[in-house]
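Geometric and topological summary
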Amino acid sequence: MVGYKFCEKIIAKSDQFKLIIFGEEPRRAYDRVHLSEYFNQKTADELSLSTESWYEEQGITLYLNDPVKEIDLSNKTVHSHHHITVNYDYLVIATGSSAFVPDIPGIEKDGVFVYRTIEDLEMIKGYAASAKNGAVMGGGLLGLEAAKALIDLGIKETHIIEFAPRLMPRQIDSAGSEILRSRLQAMGLHTHLNKSTACIAGDHQINALKFNDDTELPVDMLVISAGIRPRDELARLCGLEVSSRGGIIVNEKMETSDPHVFAIGECALFNQTIYGLIAPGYEMAEIVAANLCGSDKLFTGFDMSTKLKLIGIDVASFGDNFITEPDCRSIIFEDTHKGIYKRINISNDGQYLLGGILIGDAAAYNMLLQTTSNRIILPPNPEDLILGQRGSDTAGSAGITTLPDSALICSCEGITKGTICNAVTEEGCETVDAIKKCTKAGTGCGGCVPMMKDLMVYALKSTGKYVRNVICEHFNYSRQELYDLIHIHELKSYDEVLDTLGKNDGCEICKPLVSSLLASLWNEMILKKGNDTAQDSNDRFLANIQKGGSYSVVPRIPGGEITPEKLIVIGQVAKKYNLYTKITGGQRIDLFGAHLNDLPFIWEELIAAGFESGHAYGKGLRTVKSCVGSTWCRFGLHDSVSFAIRIEERYRGIRAPHKFKSAVSGCIRECAEAQSKDFGIIATEKGWNLYVCGNGGSKPQHAHLLASDLDSDTCISYIDRFLMFYIRTADPLTRTATWLNKMEGGIDYLRNVIVNDSLGMSAQWEAEILVLIAAYKCEWKEAIENPAIRKRFTHFVNAPDEKDPSITFVEMRGQKKTPEWT
Amino acid sequence: MTTEQTNNWIPACRIEDAVENGGVCVKHGEEQIALFYFTRRNEWYATQNECPHRKQMAISRGMIGTTDDEPKVACPFHKKTFSLSTGECLSGDECALKTYPVKIENGTVYIGLNQ
């Protein structure tokens, strides 16, 4: 093949050369790479690289079946087997290699073959007709090809015997070998690794293989594919320099020790290496042809990257496929279910791709090879190279577009996605209210309204309508736009915002939204005159309205840590005001069933005992849950409770587009369930891992790892940036998980913004959140101390001391509860 | 708002006791009436305090606003909206609020109850 390629190349470059070829085989050069195809469909003619007349047309003299027997370097002549003697100016040796046959007793027996030439294949074919089981010695590239050939020949049971502990030891690693092995097994190819053959048993013909570990394998035939041996015997004979381990030694111009003689292909040894692949062989042919035609081209070694389809399985290796840590970092993807293995080795600084291995799916091979050989700087998440971009392409719509039409959106009314979309596309609904009227969706608990809005936008877009995500009929802006406008205009009350930026009289959609923006921006007391009635009802009374019209009271218990004294106070207050008590999911205590009129008195007592508002009623930080951490737990790596308290006290009271929760776990056992939180922190040996955008709720979502092994202060500055980015950009009533799902570029983009400061906003955000933190005051303390605000905590305007007589309770397990809805 | 037929005007509160752009609850015997001072529009409205949806005494704590210039209130429980002028449910439900006329005399707010 390489000799033929040399002819092609030199003819293309010059007509000054007369070419004479001697070949040992009876055939013109043929395609050895696809030799195994000889068995299924291709004939010898089809494998041939040229037509019969090609050599003649090019004026090449071709002697087949007539190997050169002697080279006379001093007289510059060659003598052939058939006694032809030819003078040369330049001699190119392209004798290739032969199969390496190990010296094993019994190797001469009938039924033992090598796998190298069409003649070998014909003999194998003839013998296979009577064989039931066969073995291939050698689990390399060629050995696997041979094994495939045996299967194609109808051998029922085929074994692969490999001396090394893995298949294709020059291309793939152990893990890759295991994947390949299981795929071969599925095709009926049995693999035996770490097997050293002691002898070949049988009288005249093989009947079994005996191994050094005293096991044996009955086989009717054996194909040896244990490597190659350069055909250097002619060169050795004539006195050219030859390596003791085989191969004609050449320099970077492929010159042998005689400057008129060249060696190319698998017979040549360059830089202690035999290049047993076709591509470097062709490159060598090019070097010689070019240099003979006057160019100055050098062979500098060759990338041994390969990609091939082996028995229907993609196998590829490229660059430095075996480099291991600590010289590089490896990213490995292994899917034993589909039989896919991918490994990429990247430089320790994460900048460059060094090499890798692909098995089962080599679609990325070319791109990876390009990235390696051109030293292209890697993206921030090099795993995308083998896994594809995850999150970003589909993330914008992960929530809704991927849902089937039958997905239940409003579980109160039993309304599906299909019905809602239909209301938009067929019934012409273009507002959430219109959809509510048309379908009843969102008229129950209302929890699905944000998703309805997304579906409406999605459905409107699908009909080609341009949708601006404006707040309501009173504000022709998105939340993000309004945030910036309120900031720029320094507006402090709802009416100012409405007068400056909106129209008419507002509604229950824009009022809480604007109130939340005002709180996020200025963090002033939310019940300041004029803003009180613009608050959502829970914020308006700083408590959660419950079924029946009573309220619940949740004092903050940072990190879930509480003294016995404070526990007693909670008990006493609950008893005094007849409150139902329950431990919440966020490690604090909820007191239910308070009359509106009692709220200021209850809080007066709680605050006197050192409690403060828990903001359970607000769209802001709820709790920072923690496990007990290293202070008590024998597994704890760091003091998770102290860190949770520090975080809870830092962000308490800050208003956001929706509530947000956090947790800190002291070790990977994750008792605080931090990965289900809006931001969660898990202790590592070296610091903290920060996870973001997790969610429990109706659509649980695991948090994504944002950054690893952070020190406490870095962790907090990342959370600062994360929260400000969320507060500034999220749609109303959108939790962080949904916010991320809608974000173009997904977690990679978010990480870039937070960790790499890609928007250049970090300094500003960190400054802004410090303003909010500094402005924190306990709302309940202000409320009970301000008579005008306190006055609002009455049920009847004309009978301030009377409680709502319609509120009733029933008994259950020794406490009270509300009666069922009527 | 006011009608001539109304003859039973009950005093509810002083103007300064009402909540600007919001509601208060007025006790009248066993009855609870939600009174709204829509300051932006300089309008007063009164409705039953009980939300007909889940029978909660909560309408007075709802947020008020407009839709297409129609004044409305949203129940704090499930955000059903009702017209303040007619009581009709604007969220597509059959249920409705009873409404009452309101008048102001000498700084006192009166709600008109038909006998």
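All right, on to the overall build of chain A then. Helices and strands together make up the secondary structure of chain A, namely 28 helices and 38 strands. Burial status across chain A gives 44% buried among its 822 residues. Nonlocal contacts in chain A, meaning residues at least 24 apart in sequence, comprise 61% of its contacts between residues at least 6 apart.

A few words on the interface of chain B and chain A. By a widely used convention, the size of an interface equals the accessible area lost when the partners come together. Facing the 32 residues of chain B at the interface are 28 residues of chain A. Looking at the side of chain B that touches chain A, the elements with two or more residues in it are β1 (8-14), β2 (22-28), β6 (56-57) and β7 (63-67) of chain B. Take the side of chain B that touches chain A: its biggest share by element is five residues, from β2(B). Looking at the side of chain B that touches chain A, its residues break down into eleven nonpolar, eleven polar and ten charged.

Before going further, it helps to spend a moment on helix α1 (residues 2-13) of chain A. Residues and elements named next belong to chain A. With twelve residues, α1 should reach 16 Å at 1.5 Å per residue; the first-to-last C-alpha distance of 17 Å fits that figure. Every buried residue of α1 is accounted for by V2, G3, Y4, K5, F6, C7 and I10. Where α1 is buried, its residues meet β1 (20-22), β6 (91-93) and α9 (278-292).

All names here are of chain A. For the pair helix α13 (residues 417-425) and helix α15 (residues 449-462), interaxial distance at closest approach is 9 Å and the crossing angle is 50°. The angle between α13 and α15 places the two elements in the oblique class. Like other packed secondary-structure pairs, α13 and α15 cross with a definite hand, here right-handed. Across the interface between the two elements, K417, I420, C421, V424 and T425 from α13 touch M452, L455, M456, A459, L460 and S462 from α15. Residue composition of the contact of α13 with α15, grouped by class: eight nonpolar, two polar and one charged.

Okay, the nonpolar core next. The nonpolar side chains of soluble globular proteins are, as a tendency, buried together. All names here are of chain A. By size, the foremost hydrophobic cluster in this structure holds 54 residues, and its most contacted members are V136, A146, L150, L222, V223 and I359. Tallying contributions element by element places helix α6 (residues 141-152) first for this core, with six residues. Built from parts of two domains, this core gets at least three residues from each of domain 2 (101-226) and domain 3 (306-388). When residues no more than four places from it in sequence are discounted, the contact partners of L150 are A128, G134, V136, I155, T158 and V223. Ranked by size, the runner-up nonpolar core spans 51 residues in total, among them I486, L518, F541 and Y580.

Locating K511(A) in the fold gives a position in helix α18 (residues 510-522). When the 26 C-beta atoms within 10 Å are taken as the criterion, K511(A) is described as buried. When sequence neighbours within four positions are dropped, the list of residues in contact with K511(A) reads Y494(A), G506(A), A534(A), M63(B) and G65(B).

A few words now on the environment of I118(A). Residues and elements named next belong to chain A. Mapped onto the fold, I118 is located in helix α5 (residues 118-128). Linking I118 and R27, residues 91 residues apart in sequence, is a C-alpha distance of 9.2 Å. Not counting chain neighbours up to four residues away, the residues in contact with I118 comprise R27, Y30, Y38 and A44.

Before going further, it helps to spend a moment on the confidence of the model for chain A. In this model, chain A carries an average pLDDT of 89, and 96% of its residues clear a pLDDT of 70 or more. Note that residues 391-398 of chain A has pLDDT below 50 and, in this model, 15 contacts with residues that lie over four places away or in other chains.

Residues and elements named next belong to chain A. Spatially, the five strands line up as an open sheet ordered β32-β33-β34-β35-β36, and their pairing is mixed. Every other strand in the sheet has two partners, leaving β32 (621-626) and β36 (704-710) as the edge strands with one partner each. Geometrically, the sheet is characterised by an average inter-axis angle of 15° between neighbouring strands, direction not taken into account. Judged from the four bridges that link them, strand β33 (residues 660-665) and strand β34 (residues 679-683) form a sheet pairing that is parallel.

What follows deals with the sheet that holds strand β15 (residues 221-224) of chain A. Residue and element names in this part refer to chain A. Taken together, five strands build an open sheet; the order of strands is β8-β15-β9-β10-β11 and the sheet is parallel. Both outer strands of the open sheet, β8 (112-114) and β11 (189-192), are each paired with one neighbouring strand and no more. The mean angle between the axes of side-by-side strands here comes to 25°, regardless of whether they run parallel or antiparallel. Relative to β15, β8 runs parallel, the two being bridged by three bridges. Along β15, the bridge assignment pairs F113 with V223.

Here we come to the pairing of strand β8 (residues 70-74) of chain B. Residues and elements named next belong to chain B. By the criterion of burial, β8 is predominantly enclosed, with four of the five residues buried. Where β7 meets β8, five bridges bridge the pair, whose relative direction is antiparallel. Note on β8: the bridge partner recorded for T66 is P71. Taking the residues that link successive antiparallel strands as the turn, the β7-β8 hairpin has two residues, and the phi of D68 there is positive, at about 50°. Bridging between β8 and strand β9 (residues 81-83) involves three bridges; their strand directions are antiparallel. From the neighbouring strand, V73 faces β9, where its bridge partner is F82. As consecutive antiparallel partners, β8 and β9 are separated by six residues, and within that stretch K79 has a phi angle of approximately 60°, a positive value.

With respect to the helices, strands and loops of the structure, P657(A) is situated in the loop between α22 (640-651) and β33. When the C-alpha atoms of P657(A) and S516(A) are compared, they prove to be 6.9 Å apart, with 141 residues separating the residues in sequence.

Residues and elements named next belong to chain A. Of all the residues in helix α21 (residues 599-608), the buried ones are L599, I602, W603 and L606. Buried residues along α21 cover an arc of 95° about the axis, so they all sit on one side. Where α21 is buried, its residues touch β29 (551-553), α20 (564-576), β31 (589-594) and α27 (779-785). Phi turns positive one or two residues past the end of α21, at G610, with a value near 100°.

Calculation criteria
Residues numbered from 1 in each chain as written. Chains lettered and ligands numbered in written order. Predicted model: local features only at pLDDT ≥ 70, side-chain atom pairs only at ≥ 80, totals over all residues. Helix = DSSP H or I, 4+ residues; strand = E, 2+ residues; numbered from the N terminus. Buried ≥ 20, exposed ≤ 12 C-beta atoms within 10 Å, placed from the backbone. Contact = placed C-beta atoms within 7 Å. Nonpolar A, V, L, I, M, F, W, Y, C, P; charged D, E, K, R; others polar. Expected span 1.5 Å × (residues − 1). Axes fitted to C-alpha atoms, helices over the stretch in contact; angles between N-to-C directions. Parallel < 35°, antiparallel > 145°, perpendicular 65-115°, else oblique. Left-handed = near helix turned anticlockwise from the far one by under 90°. Core = buried A, V, L, I, M, F, W, Y, C linked by C-beta atoms within 7 Å. Domains from an automatic or database assignment. pLDDT = per-residue confidence, 0-100. Pairing = 2+ DSSP bridges. Arc of directions from axis to C-beta.

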